[in-house]
Amino acid sequence: MYAIVLINAWALAFIFMSKAPVWLSVWIPGGLSLICCARLAGWWRSRHVVPSSEAARMALTRTNQFSFVLTVALTAWALSLYPYGDTYARGNIAFFIAITGVGVIICLQQLPSAAFIVAIVINTAFVTYFSIEGMTSFVVMAINMAFVSIALLLVVTVQFRHFSGAVSARAKLEVANRENARLANLDSLTGLSNRRQFFTHLEAAFSEPDGKRFAVGIIDLDGFKPVNDLYGHSVGDSLLKEVAQRLNELVDSRTHIFRLGGDEFALTLSDCPGDAELLVLGEQICTALRCPFVLSEATVQVSGSIGFSVYPDLARDVHQLYDRADYALYQGKRTNRGHAVLFSSEHVIAIEQNHQIEQVLNRADLDSELTVFFQPIVDIQRERTVAFEALARWDSPELGRVSPADFIPVAERIGLISVLTRSLLKKALAAACTWPEDVRLSFNLSTHDISSSDGVATIVGIILSSGIDPRRVDLEITETAMMYDFGEAKASVEVFKLLGCGIALDDFGTGYSSLSQLHALPLTKLKIDRSFVSNLHKNPASYKIVKSLLALSHDMKLGCVIEGVETSEELDALKTLGGVLVQGYFYSAPIPEAEIARFLPGPQVSRKAG
Ligand code: C2E
Ligand code: CA
Ligand code: CA
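Fair warning: this is a prediction, and the values are worked out from it, not measured in the lab.

*Asks:* I'd like a rundown of the overall build of the chain, residues and numbers included.
*Replies:* For the chain, the helix and strand inventory stands at 22 helices and 17 strands. Relative to the globule expectation of 25 Å for 610 residues, the C-alpha radius of gyration of the chain, 43 Å, shows a markedly less compact shape. In terms of principal-axis extent, the alpha carbons of the chain reach across some 135 × 50 × 45 Å. Taking all 610 residues of the chain together, 47% fall into the buried category. Restricting to contacts in the chain with at least 6 residues of sequence separation, those with at least 24 account for 70%. With the model as given, the accessible surface of the chain reaches about 29,200 Å², and the carbon-plus-sulfur share is 59%. Here the chain contributes 52 positive and 62 negative side-chain charges, whose respective centroids are spaced 7 Å apart.

Laid out in structure tokens, this is it:
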């Protein structure tokens, strides 16, 4: 547009150079050219700047004002040349005004207000001036120009409608795209950012390191599954929403909360405080989660555990940071459920130890190094030992005694577990054959033992050839082992059931199985995990969970063993709740076969006798 204006103006100036004074034919067009060039330069410089709506509105208003000023100036200048020209040169003035006006109106089609201003100024000046001058042919030209302007303005108006329609459609599309992206990164139930956003957030934090400590915390609810099962999914959903709200209320702007899925949440802390402060925050969260949740349908109680890890202390990258927080959480749930655990150098050592166990286990003489200990399971109403759980012990010449909690998972990982199971089961059955008929044997199976028909056949063969009545044997299976391949596990369990064995679901309450899945299994017993039992007389959350689980086992007509009872207070609380079968250090730690006799039936079961 400016190019049209300048070329046309200088063409006119050129025609009048020899006729009009210099100030009119050179200085004025020169000044106008400078102003146009300055404006052109300003636009060029800002061509990559995306203005705010307000700035854009102001710039367009300025353009309207400038259009008026420039059109008035140019028209006045062109008409002021009129007295100096002959008829031919005067025709050029009319031509200049008309053609420049048409060009400018077309160029301003995205700003119709400015196009109208230009058209009104030019036509008013044109018609008025030539009417006063009284030159008929110029008056006709002016009227002609007025009609052309009207037609052009109509075209401009229609074009502008199309243009603004396209702009608003695009804006709507952008809004929709932004909303889609937001929803894709959002957990629809709680409104928190989701797992995908969690990892995006972590990657972003790592791509722009600011030298500050950065922490990740993974939160897992304990006892969520029973709530979901007992009260239904809508209560479970309300609970998760409430949990999200409590978490949000506890943290400041440095902290982001995410829901990773199920009952797992996460938080990230930029500019993370010292370890002690971090753990204090973790404990505050755990305390908040322990408070009862008053929902419209029911009041429920759960607890939550947190695992933290910190960059750059013990994690080098995003995945290590996440894995180590998860490891700390897993350890916390095993040893100190309902609290916060920070991944530490001890955990690094434990990971290394696992590696060492793996190597030694691979070359161990399992038959001679493995023994079985037995822990009594007591009927607290009749005060009698009714069964013993067989628990593996490994005395390695290289590593000393290794806990089964440490070597069983390694044996599972490296594919040695079926060899271990065979050896242990034979030893346990041999011992059980010497016990009175009414004392049962409980034996732990792992995932791999029940995930192949060969494994199952081997176990069945060992039980049958031991000479014991299979109805005296309970096989313990954890929820996690069942969930690995539910179909296969169910088929295996059914075989054991047909044989006459009892089936106990071990560590109940810690896994994720649903009630419908449990119903599908031919279970005979539930074993409530010891993490719910510890201090249950002081911890209302644990108390309620145990109460619910006892009710559940009663409803399902299953026996229920409560594990990990250590104190008389816990025992009393369990008695109040109507618990029957109890196992734990209160009666006895696991003992070697030789010491079993003192727990065998007599009228009384003595506590830690001998
Ligand atoms: P589990 O099956 O839950 O066994 C109970 C564990 O709790 C045993 O640990 C037992 O010593 C311990 N425990 C019993 N009462 C108390 C108590 O009052 N307080 C505390 N703090 N702990 C108590 P253990 O013997 O170290 O076994 C650990 C885990 O290793 C077992 O947990 C089981 O999952 C696995 N395991 C042990 N023996 C075998 C086995 O022969 N085969 C398989 N597949 N797994 C086994
Ligand atoms: Ca067990
Ligand atoms: Ca257990």
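Having seen it, we continue.
*Asks:* Describe the coordination of the calcium ion (ligand 2), listing the residues and the values that go with them.
*Replies:* Binding of the calcium ion (ligand 2) to the protein goes through Glu-389 (OE), Asn-444 (OD1), Glu-476 (OE) and Asp-506 (OD), at separations of 2.1 to 2.3 Å. In primary sequence terms, the donor set of the calcium ion (ligand 2) follows E-x54-N-x31-E-x29-D. The distance between the calcium ion (ligand 2) and the calcium ion (ligand 3) comes to 3.9 Å, with Asp-506 serving as a donor to both metals. Of this pair, Glu-389 sits in strand β9 (residues 384–396) while Glu-476 sits in strand β12 (residues 473–478), and the two are 87 residues apart along the sequence. Glu-476 sits in the buried class, given a relative accessible area of 1%.

*Asks:* A description of unusual backbone geometry should follow, citing residues and the corresponding values.
*Replies:* Going from Tyr-311 to Pro-312, the amide bond is cis rather than trans, its omega being 5°. Looking at the element boundaries, Pro-312 is found in the loop between β6 (303–311) and α11 (318–335). Backbone geometry at Asp-271 places phi at a positive 50°, although glycine is not the residue there. Among the structural elements, Asp-271 can be located in the loop between β3 (264–269) and α10 (275–290). Non-glycine residue Asp-507 carries a positive phi angle of around 50°. Asp-507 gets classed as partly exposed once you look at its relative accessible area, which sits at 26%.

*Asks:* Give a detailed account of the site of ligand 1, specifying residues and quantitative values.
*Replies:* Every one of the 23 residues lining ligand 1 counts as a neighbour, but Gln-375, Ala-392, Arg-393, Glu-566 and Tyr-585 are closest to it. Within the contact set of ligand 1, an oxygen atom lies 3.0 Å away from a side-chain nitrogen or oxygen of Asp-506. Within the side chain of Glu-566, one N or O atom sits 2.5 Å away from a nitrogen atom of ligand 1. Surface burial for ligand 1 is 85%, taken as the share of its 790 Å² of free accessible area covered by protein chains. For the shell around ligand 1, the secondary-structure elements that each account for two or more residues are β9, α14 (404–413) and β13 (502–508). In terms of residue count, the dominant contributor to the shell around ligand 1 is β9 (4 residues). Looking at the shell around ligand 1 residue by residue, the class counts come to 10 nonpolar, 6 polar and 7 charged.

*Asks:* Describe the packing of aromatic side chains, with residues and values.
*Replies:* Two measures describe an aromatic ring pair: the distance that separates the ring centres and the angle between the ring planes. For the structure on display, the rule yields 20 aromatic pairs. Considering the side-chain rings of Phe-160 and Phe-163, the 6.1 Å spacing of their centres and the 45° angle between planes classify their relative orientation as tilted. Of this pair, Phe-160 and Phe-163 both sit in helix α6 (residues 136–184), 3 residues apart, which is roughly one turn of that helix. Note on Phe-163: relative accessible area 34%, which makes it partly exposed. Ring geometry for Phe-199 and Tyr-322: centres 5.2 Å apart, planes at 65°, overall edge-to-face.

*Asks:* Give me the lowdown on the domain arrangement of the chain, citing residues and values where you can.
*Replies:* Many authors give the size of an interface as the accessible area that is lost as the parts come together. Taken domain by domain, the chain holds domain 1 (2–177), domain 2 (195–343) and domain 3 (371–391 + 438–599). For domain 1 and domain 2, the distance between their C-alpha centres works out to 65 Å.

*Asks:* Give me the lowdown on the packing of helix α3 (residues 53–80) against helix α4 (residues 87–107), citing residues and values where you can.
*Replies:* In a pair of packed helices, the angle between the axes and the distance between the axes together describe the arrangement. Relative to each other, α3 and α4 sit at 170°, their axes nearing to 9 Å. Here α3 lies roughly antiparallel to α4, going by the angle between them. Seen along the crossing, α3 lies across α4 with a hand that is left-handed. Residues Leu-74, Thr-75, Trp-77, Ala-78 and Leu-79 of α3 pack against Ile-93, Phe-96 and Ile-97 of α4. Here the contact of α3 with α4 is built from residues that sort into 7 nonpolar, 1 polar and no charged.

*Asks:* Requested: an account of empty space enclosed by the protein, with residues and values cited.
*Replies:* In total, this model carries 5 cavities of 30 Å³ or more according to the counting rule given. Estimated volume of the largest cavity: approximately 210 Å³. In terms of lining residues, the largest cavity is bounded by 19 residues, among which Val-5, Leu-70, Thr-71, Leu-74 and Val-104 are the most central. Those elements giving two or more residues to the lining of the largest cavity turn out to be α1 (2–16), α3, α4 and α5 (112–133). For the lining of the largest cavity, the element with the most residues is α3, which contributes 7 residues. In terms of residue class, the lining of the largest cavity is built from 13 nonpolar, 6 polar and no charged.

*Asks:* I'd like a description of a nonpolar patch on the surface, backed by residues and values.
*Replies:* On the surface, Val-22, Trp-23, Trp-27, Ile-28 and Tyr-84 cluster together into a nonpolar patch covering about 550 Å² of accessible area. By secondary structure assignment, the location of Trp-27 is in helix α2 (residues 22–45).

Cut-offs used in this document
- Residues numbered from 1 in each chain as written.
- Chains lettered and ligands numbered in written order.
- Predicted model: local features only at pLDDT ≥ 70, side-chain atom pairs only at ≥ 80, totals over all residues.
- Heavy atoms only, no water.
- Helix = DSSP H or I, 4+ residues; strand = E, 2+ residues; numbered from the N terminus.
- Rg over C-alpha atoms; globule rule 2.2 N^0.38 Å.
- Buried < 20%, exposed > 50% of the residue type's maximum accessible area, 1.4 Å probe, protein only.
- Contact = heavy atoms within 4.5 Å.
- Areas by Shrake-Rupley, 256 points an atom, 1.4 Å probe, with all protein chains shown as cover.
- Lys, Arg positive; Asp, Glu negative; His and termini not counted.
- Charge placed at Lys NZ, Arg CZ, Asp CG, Glu CD.
- Donors = N, O, S within 2.8 Å, 3.2 Å for Na, K, Ca; no water.
- Near = heavy atom within 4 Å.
- Polar contact = N/O pair within 3.5 Å; in protein donor to acceptor, adjacent residues only side chain to side chain.
- Nonpolar A, V, L, I, M, F, W, Y, C, P; charged D, E, K, R; others polar.
- Phe/Tyr/Trp six-rings, centres within 6.5 Å; stacked < 30°, edge-to-face > 60°.
- Domains from an automatic or database assignment.
- Axes fitted to C-alpha atoms, helices over the stretch in contact; angles between N-to-C directions.
- Parallel < 35°, antiparallel > 145°, perpendicular 65-115°, else oblique.
- Left-handed = near helix turned anticlockwise from the far one by under 90°.
- 1 Å grid on protein atoms, 1.4 Å probe; cavity = no way out; pocket = protein on both sides within 12 Å on 5 of 7 lines; lining within 4 Å.
- Points joined across faces, edges and corners; volume = space filled by probe spheres on them.
- Patch = residues over 30% accessible without salt bridge, like charges linked within 9 Å, V, L, I, M, F, W, Y side chains within 5 Å.
- Salt bridge = Lys/Arg side-chain N within 4 Å of Asp/Glu carboxyl O.

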